[in-house]
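# Analysis of the macromolecular model
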Amino acid sequence: MVDEALKERDQSKSPTPTRTVYGWGWGRWAWRTLTSMRTAVILLALLALAAIPGSFLPQRNVATDPAAVPLFYRDHPTMAPWLDRLFLFDVYASPWFAAVYLLLLVSMTGCVLPRCAKLWQECRAEPTRAPTRLSRMDGHRELSVQSDRGSVLRRATEILSRRGYRVVQAPGEVRAEKGYVREVGNLMFHLSLLLLLVGMASGKLLGFEGRAALADGDTFTNVESSYDEFSRSALTRVDELTPFSVTLDGLDAEFALSGARAGEPRKFDATVTYLQADGTEKSASIKPNQPLDIEGTKLFLTGHGYAPRVTVRDGTGEVVFAGPVIFLPIENNFTSDGVVKAPNAQPTQLGFEGLFLPTAPTNEGDRSQFPGLIAPRLDLTAYTGDLGMDRGAPQSVYAIKLDGMEEVAQKQMRVGDSLELPDGAGSITFDGVSRFANFQIAYDPGKEISLVAAIFLMIGLTTSLLIRRRRVWVRATDSGPTVTVEIAGQSLTRRDLPPADLVRLERELLSLNESLERTPS
Amino acid sequence: MTWARLSDDLVVATMMILALAFCLYAVSMAQRTTRQRGVAKEPVTTPAAASSAAGDALEHPPEVGAPWSERTARIASVMVVMGLVLNAAAVLARGIAAERAPWGNMYEFAIVGSTAILGAYVAGLSRYPLHRLGIWVIGLVLVTLGSAVTVLYTPVDALIPVLDSYWLAIHVGAAIVSGGAFTVAAVTSAVQLFRPGRHPERDEMLERVSYGLIVFAFPVWTFAVIAGAVWAEAAWGRYWGWDPKETWAFITWVFYAAYLHAQSTAGWKGKRAAWFSIAGYIAFLFNFIGVNMWVGGLHSYAGV
Ligand code: HEM
């Protein structure tokens, strides 16, 4: 029975085109094949498989670590360009991935919209006639009632309408159907997938994502040039970023001090003051799971670290750099590396490469023992020469170009220590340690659309899986003084017919007998 | 005794009673085999005999005046229900000890996960003669709990800040509930696929169980993924970023969607569809185990 029902709904019978029909015939065949259920299954399987490589290879624009792809290039110099040609570092933005999901969505629309039309017709047409042999249908039962056919059928109509069935009473039988909402749910579910795509696409096309690191006391202004990294699409309006500025007032980080998980972060909050275009100034606290929302642009705290404060003097005794320098953590205990550059130093430019350890080991080791600030140490290597900063290409603030420089000194420094460079080239003092916070800043104008799509998707899916579309027939035939009543149903879904309706129908029809006994006519 | 300690003891108690149930299921299977072969030998309880007998499960619908094998299996099932209660109590005690939803690390996933599997199994048991597959399901739960107490064990501790959110309870909770049902469905699909011979009646039953479980679990999983996206939006500023964990959640979802479609496709019902159930489950497991251990990504709470 179920199979019959399925066949009726299944459009996977894609007939091969007849040889006599050219042009349109092939087109129609292609369309029928594309929109068949079998194609849907194959495309779904393909989509799942196509998503796999991106989870193993580093991805551009999606990974947390922007250096992952360059690093992979360095480690696999021959293989990487080939993978790149196949878009394997951009799997989810690749043409072949797009091809699969677009085909799937086309197939789905082509499959589901005709069902929409069919549903409309079915809702307006009468429920189907009872099959000749009711005994072959689900939950078939037969009872005899001392009454006449008319009253039995009237009563059955009443009961079924009360239970929410669409009912028609025909000569000798009652036809009823229920659960059309299931199809509505199914449609809603599938169409909301399209809406979801619209939401995701508008976020990608109109929004942006960026990162900025701020040391204690630093101020960030929302313009593209303040970002350490900014990813935008062709349609992002870079000159129309929401105007605001944010100052990091303080950062509070705590770590588990003991136990098996010593060193795991326990608390991690940033206190900021932000200034909006209309001149209002407010303070706020940003924590993981608690971003700051400024007119739709959101700031998330994604990481933190240390920024040693140093003062650099040049050969003339002039201060050429002073303040915190952001050092990027390279492992969980916050051993961090960073550089200090003093391009204005006289007579020669100065550069320093450093390793910072918040909790230095008691020996000479160069790995921090704990993420908290217990025994900070700054290991510096000093260079003199040409930093190469005035030649063209912008440089990273986290690296020094060493080709024009000469190493002149090295020192492990504690807070307060100074390093005097040879030949009176200058000095550097380690004044103290500040913290910095890493912010992810995002603007996604499509996310409300996606949220609405997700809600529809959930409602549609639940409806389509929970509600069982089903038919019930009641046939009454005279047999002498009594009426023989047959009841049966059919489930139009893969799940069984819920027996409750048939049982109740039987019970209520049998009760006609009792009332008859009580009031003999 | 502290709540944490109580929870640990309850896990051990759960394992003991489940081990007993496992043995009884094995005995029941052996009884069934000997009876079928018409050999009135004493019950064979070696593991080898048990597994060779495994596939005979479900070939015969329960009979009136239940034979010994049925009775033994029923006793085992009662023990499983007790195991479920103990396991749930262990989870509860752990939650009280930690003062949060007790699913914040791999150890906790394992003990809540086994509760979910047992729950799905017991729920299925009330409608289908699933106890004939008990040995597989309970074996799986025992492996899960066994690895929980040996390699995954972590004392009660606070959460790392990124996980400290009520979304953890919602998102991971939903994922675990659907995981329980997916697991049992994977067992029924696997028996359907890997047990040789034609047993249309048995296959039909297995398929109905798998289908019923997946129809239940699929929307719950969908909800878990959506809740995860909402949480990701709140925590990282984007609701979907193709992080490995998100990617494998998506792969799982698509495989199960393919399963549901295959069930409605002429010629794909039955064994072909069952393959999708297995594929979906492998993706699901990989997400919980493989991604945590080997792939990494933003969801770096692996904290094994
Ligand atoms: C984008 C990916 C798709 C997803 C995630 C998806 C998901 C689902 C789900 C969860 C169901 C409910 C299953 C059930 O009622 O048993 C369903 C049903 C259905 N889907 Fe899809 N679907 C997708 C694409 C398609 C495509 C491409 C087609 C057509 C070619 C299609 C046609 C149908 C039909 C006809 C049903 C109703 C099946 C029935 O009545 O049992 N879907 N889909």
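None of the values given here were measured: they were computed from a predicted structure.

Helix and strand counts for chain B stand at 10 helices and 0 strands. In chain B, the succession of helices and strands from N to C terminus is α-α-α-α-α-α-α-α-α-α. Expressed as a percentage of contacts within chain B between residues at least 6 apart in sequence, the contacts between residues at least 24 apart total 81%.

All right, on to the coordination of the iron atom of the ligand then. Protein coordination at the iron atom of the ligand: the donors are A:His190 (NE2) and B:His261 (NE2), at 1.9 Å from the metal. Each of the 6 donor atoms around the iron atom of the ligand contributes to a set of angles spanning 87 to 179°, which defines the coordination as octahedral. Separated into two different chains, A:His190 in helix H9 (residues 181-206) and B:His261 in helix H8 (residues 244-263) make up a pair that spans both. Note on A:His190: relative accessible area 9%, which makes it buried.

Right, let's get into the pattern of salt bridges. In this structure the tally under the stated criterion is 27 salt bridges over all chains. Residue A:Arg163 is joined to A:Asp501 by a salt bridge in which the shortest nitrogen-to-oxygen separation is 2.4 Å. Of the two residues, A:Arg163 is situated in the loop between helix H8 (149-162) and strand S2 (166-170) and A:Asp501 in helix H11 (residues 500-518); the sequence distance between them amounts to 338 residues. With a shortest N-O distance of 3.4 Å, B:Arg74 and B:Glu70 are connected by a salt bridge. Separated by 4 residues within a single helix, B:Arg74 and B:Glu70 lie in helix H3 (residues 68-98), roughly one turn from each other. The exposure class of B:Arg74 is partly exposed, given its relative accessible area of 42%.

With that settled, consider helix H5 (residues 134-150) of chain B. Taking 1.5 Å as the rise per residue, H5(B) with 17 residues should run 24 Å; its terminal C-alpha atoms sit 24 Å apart, in good agreement. All buried positions along H5(B) are accounted for by B:Gly134, B:Ile135, B:Val137, B:Ile138, B:Gly139, B:Val141, B:Leu142, B:Leu145, B:Gly146 and B:Ala148.

All right, on to the interface of chain A and chain B then. Each partner contributes to the interface: chain A provides 54 residues, whereas chain B provides 55 residues. Both faces combined, the contact of chain A with chain B buries some 4,600 Å², and carbon together with sulfur accounts for 68% of it. Among the salt bridges present, the one from A:Lys298 reaches B:Glu233, with a minimum N-O distance of 3.1 Å. If you look at where chain A meets chain B, you find 4 residue pairs in polar contact (both at pLDDT 80 or more). For the side of chain A that touches chain B, the secondary-structure elements that each account for two or more residues are helix H1 (2-9), helix H3 (37-51), helix H4 (53-56), H9, strand S8 (265-276), strand S11 (297-314), strand S19 (426-443) and helix H10 (447-466) of chain A. If you tally residues by element for the side of chain A that touches chain B, the top one is H3(A), at 11 residues. Looking at side-chain class alone, the side of chain A that touches chain B contains 31 nonpolar, 9 polar and 14 charged residues.

Attention now moves to the sheet that holds strand S15 (residues 349-357) of chain A. Adjacent strands of a sheet form backbone hydrogen bonds with each other and so pair up, either parallel or antiparallel. Residues and elements named next belong to chain A. In spatial order, the strands read S13-S14-S15-S16-S17; together these 5 strands make up an open sheet with antiparallel pairing. The open sheet has two edge strands, strand S13 (328-329) and strand S17 (405-413), and neither has a second partner. Where S15 lies against strand S16 (residues 377-385), 9 bridges are found, and the strand directions are antiparallel. Residue pairing across strands places Glu 353 opposite Thr 381, the latter belonging to S16.

Residue and element names in this part refer to chain A. Read across the sheet, 4 strands follow the order S5-S7-S8-S9 without closing on themselves; strand pairing throughout is antiparallel. The open sheet terminates on both sides in strands that have one partner only, identified here as strand S5 (219-221) and strand S9 (281-286). Here the strands of the sheet are splayed against their neighbours by 25° on average, with no regard to which way each runs. Across 11 bridges, the pairing between strand S7 (residues 244-255) and S8 is antiparallel. Paired with Leu 248 across the strands is Val 272, a residue of S8.

Below, the discussion takes up the UniProt feature "transmembrane region" (unreviewed entry) in chain A. Residue and element names in this part refer to chain A. Those residues carrying the UniProt feature "transmembrane region" (unreviewed entry) are residues 40-57, 96-114, 187-206 and 449-467 in this numbering. In this annotation, residues 96-114 is assigned 100% helix and 0% strand; the end-to-end C-alpha distance for the span is 28 Å. Summarising residues 449-467: 95% helix, 0% strand, and an end-to-end C-alpha distance of 27 Å.

Thresholds, definitions, all that
- Residues numbered from 1 in each chain as written.
- Chains lettered and ligands numbered in written order.
- Predicted model: local features only at pLDDT ≥ 70, side-chain atom pairs only at ≥ 80, totals over all residues.
- Heavy atoms only, no water.
- Helix = DSSP H or I, 4+ residues; strand = E, 2+ residues; numbered from the N terminus.
- Contact = heavy atoms within 4.5 Å.
- Donors = N, O, S within 2.8 Å, 3.2 Å for Na, K, Ca; no water.
- Tetrahedral: all angles 85-135°; square planar, octahedral: opposite > 155°, others 65-115°.
- Buried < 20%, exposed > 50% of the residue type's maximum accessible area, 1.4 Å probe, protein only.
- Salt bridge = Lys/Arg side-chain N within 4 Å of Asp/Glu carboxyl O.
- Expected span 1.5 Å × (residues − 1).
- Buried area = accessible area lost by both parts, 1.4 Å probe.
- Polar contact = N/O pair within 3.5 Å; in protein donor to acceptor, adjacent residues only side chain to side chain.
- Nonpolar A, V, L, I, M, F, W, Y, C, P; charged D, E, K, R; others polar.
- Pairing = 2+ DSSP bridges.
- Axes fitted to C-alpha atoms, helices over the stretch in contact; angles between N-to-C directions.
- UniProt positions renumbered as here; feature names shortened; annotations may be inferred.

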